[in-house]
Amino acid sequence: MSSFVSEIMAQVKAKNPSEPEFHQAVQEVVESLQLVIERHPEYRKAKIVERIIEPERILMFRVPWMDDRGEVHVNRGFRIEMNSAIGPYKGGLRFHPSVNLGILKFLAFEQVFKNSLTTLPMGGGKGGADFEPKGKSDTEVMHFCQSFMSELFRHIGPDTDVPAGDIGVGGREIGYLFGMYRKLRNEFTGVLTGKGLYWGGSLIRPEATGYGAVYFAAEMLGTRGQSLQGKTCLVSGSGNVAQYTVEKINQLGGKAVTVSDSNGYVYDPEGISAEKLAFVMDLKNVRRGRIKEYSDKFKSATYTPIDPKLDYNPLWNHKADCAFPGATQNEINGKDAQNLLKNGVYVVSEGANMPTTPDGVNVFLDHRILFGPGKAANAGGVATSGLEMSQNSMRLSWTRDEVDARLHQIMKSIHKAAAEAAERFGTPGNYVNGANIAGFIKVADAMMDQGVI
Ligand code: NDP
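Please read these numbers as outputs of a predicted model, since none were measured by experiment. (Residues numbered from 1 in each chain as written. Predicted model: local features only at pLDDT ≥ 70, side-chain atom pairs only at ≥ 80, totals over all residues. Heavy atoms only, no water.)

## Side note on helix 15 (residues 380-394)
For helix 15, spanning 15 residues, the distance from its first C-alpha to its last is 21 Å, which sits close to the expected 21 Å at 1.5 Å a residue. For helix 15, the full list of buried residues reads Gly380, Gly381, Val382, Ala383, Thr384, Ser385, Gly386, Leu387, Glu388, Met389, Gln391 and Asn392. Buried residues along helix 15 sit in contact with strand 3 (89-95), helix 5 (101-117), strand 5 (161-164), helix 8 (205-222) and helix 16 (400-424). Positive backbone phi, approximately 55°, marks Arg395, located one or two places after helix 15. (Helix = DSSP H or I, 4+ residues; strand = E, 2+ residues; numbered from the N terminus. Expected span 1.5 Å × (residues − 1). Buried < 20%, exposed > 50% of the residue type's maximum accessible area, 1.4 Å probe, protein only. Contact = heavy atoms within 4.5 Å.)

Encoded structure:
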């Protein structure tokens, strides 16, 4: 490890103890930034890296709520306002029992670089709560969202901080959150993205992250004169990102053969057709059931429950060309990465945030496969949130085709920026370095211009 990386990491670990995901995210970025710092000592002198790893502000608050039986519960809410050098804080809210300060700091940190890559003027933030929406009634989710927003509303605004969805926060939750914000502020503004179509939402926002990850894979394949046509694809997750990843794979002529949830995964060698995907969407978005039901309904599929004794995930051990992790962080470890390569996978496009462990990333980079890291490959979601903000500001709505065309163009630009930065800094084909560097330089230059604040 160079002295620059070890100095920064010592500082991060001392100031943020017991936050392994944050350490992991910072380490990956600063390793890429060594290349930049060597050429740009002015960034080192201005302590840009030391400043960029320190959140501008962290909010942490109590979220009390009452369930349907009248019992009181208390959760913890968070918002990390990481960096606003190039625009208002922007990033999702995650509701999941695993949520803690370290996980949200990692997500907020990644968001800074991702948002910069989108070409739109958005800073980075992330938030959420250790609340489990699974198994709760709609009324309980509403009570929780209202309590959460009754604190958060005083810290956010369309020009300050614009949250969106993430794990456990979909259209239903955004609706309840927006309703409460509107009531408390007595204002109808674009303070959240992922809104419903009739109250300020954008067409294509629900689809954007999944579609974007597939567009990014198509761009990477294009560098080898190939396309997704006829490619077999492994997809993990069965939520927002995974569903629209499968939809776009189908549209571009590929075949998705897996989807999963936190209990297990289904493998359907015949492919998850549009009709089968409609079943998954109804199962997950309306009935809120478990993915196992897919194999009860479609006999071509087999279901494998999660086995915590295994040190690998069997989902990543099927013959395929492409992999689209779309569930959560650290879902592909070194062994999974080896299994993917052994089974013929040579394209990995990360729909989820940091789904591959550092060991796994090294396996992909060492073998020079087409590896699109989340901060580039899944930036389509936040980019389309940015487009929702633009439409809100102009008080008009673009058509589906217009938003999709803009999303597609943004994913091409992100691919180009990452590929060119990787090349410029001497690591051609390394999209990890490329995305980190291209995302960093724009924010770093803005911070240099704006002085020490
Ligand atoms: P959803 O809540 O819609 O879906 C998450 C999916 O992942 C579900 O199938 C869930 O299963 C599964 N999952 C969650 N946690 C785990 C776990 N610990 N182990 C195994 N499976 C798990 O979330 P999204 O689809 O919105 O988000 C998925 C990923 O994409 C996250 O990493 C998120 O940060 C990232 N992302 C999302 C964006 C967006 O626009 N929504 C934008 C950019 C990135 P179960 O139903 O059992 O919980």
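That was the structure; now back to the text.
## Regarding the domain arrangement of the protein
How big an interface is tends to be stated in terms of the accessible area lost upon association of its parts. If you check the domain split of the protein, you get domain 1 (55-187) and domain 2 (208-377). Averaged C-alpha coordinates put domain 1 and domain 2 at centres separated by 27 Å. The interface is formed by 13 residues belonging to domain 1 together with 11 residues belonging to domain 2. Summing both sides of the interface, domain 1 and domain 2 together bury roughly 1000 Å²; the carbon and sulfur share of this comes to 49%. Counting the surface domain 1 buries against domain 2, the share from its top three residues, Phe106, Glu110 and Lys114, is 43%. Connecting domain 1 to domain 2 are 1 salt bridge. For Glu110, the salt bridge goes to Lys375, with nearest N and O atoms at 3.3 Å. Seen at the junction of domain 1 and domain 2, the total is 3 residue pairs in polar contact (both at pLDDT 80 or more). Examining the composition of the side of domain 1 that touches domain 2, we find that 7 residues originate from one element, helix 5, more than from any other. Here the side of domain 1 that touches domain 2 is built from residues that sort into 6 nonpolar, no polar and 7 charged. (Domains from an automatic or database assignment. Buried area = accessible area lost by both parts, 1.4 Å probe. Salt bridge = Lys/Arg side-chain N within 4 Å of Asp/Glu carboxyl O. Polar contact = N/O pair within 3.5 Å; in protein donor to acceptor, adjacent residues only side chain to side chain. Nonpolar A, V, L, I, M, F, W, Y, C, P; charged D, E, K, R; others polar.)

## Concerning the pattern of salt bridges
Scanning the entire structure with this criterion turns up 30 salt bridges. For Asp311, the salt bridge is made with Lys335, and the minimal N-O distance between the two is 3.0 Å. Here the residue Asp311 occupies a position in the loop between strand 10 (302-305) and strand 11 (322-324), and Lys335 occupies one in helix 12 (residues 334-342), the gap between them amounting to 24 residues. By relative accessible area, which is 38% here, Lys335 ends up partly exposed.

## A short note on the side chain of Asn115
Mapping Asn115 onto the fold places it in helix 5. Contacts of Asn115, omitting those with residues within four sequence positions, involve Lys90, Leu120, Met122, Gly123, Gly124 and Val382.

## Looking at empty space enclosed by the protein
With the rule as written, the count across this model stands at 1 cavity of 30 Å³ or more. Roughly 40 Å³ of internal volume is contained in the largest cavity. As for the largest cavity, its lining consists of Gln11, Val12, Lys15, Asn16, Ile53 and Glu54. A per-class count over the lining of the largest cavity returns 2 nonpolar, 2 polar and 2 charged. (1 Å grid on protein atoms, 1.4 Å probe; cavity = no way out; pocket = protein on both sides within 12 Å on 5 of 7 lines; lining within 4 Å. Points joined across faces, edges and corners; volume = space filled by probe spheres on them.)

## A closer look at unusual backbone geometry
Phi is positive for Thr119, which is not a glycine, with a value near 80°. For Thr119, the location among the structural elements is in the loop between helix 5 and strand 4 (124-129). Exposure remark for Thr119: the relative accessible area of 47% places this residue in the partly exposed category. Even without being a glycine, Asn186 presents a positive backbone phi close to 55°. Looking at the secondary structure, you find Asn186 in the loop between helix 7 (171-185) and helix 8. In this structure Asn186 comes out as exposed when scored by relative accessible area, which is 69%.

## Focus: the pairing of strand 6 (residues 232-235)
Residues of strand 6 alternate between two faces, with Thr232 and Leu234 on one and Cys233 and Val235 on the opposite face, all of them buried. Relative to strand 7 (residues 255-256), strand 6 runs parallel, the two sharing 2 bridges. Bridged to Thr232 within strand 7 is Lys255. With helix 9 (residues 240-251) bridging strand 6 and the parallel strand 7, this β-α-β connection has right-handed handedness. With 3 bridges connecting them, strand 6 and strand 11 associate as parallel partners. Paired with Leu234 across the strands is Ala323, a residue of strand 11. (Pairing = 2+ DSSP bridges. Right-handed = clockwise from strand over helix to strand, strands pointing away.)

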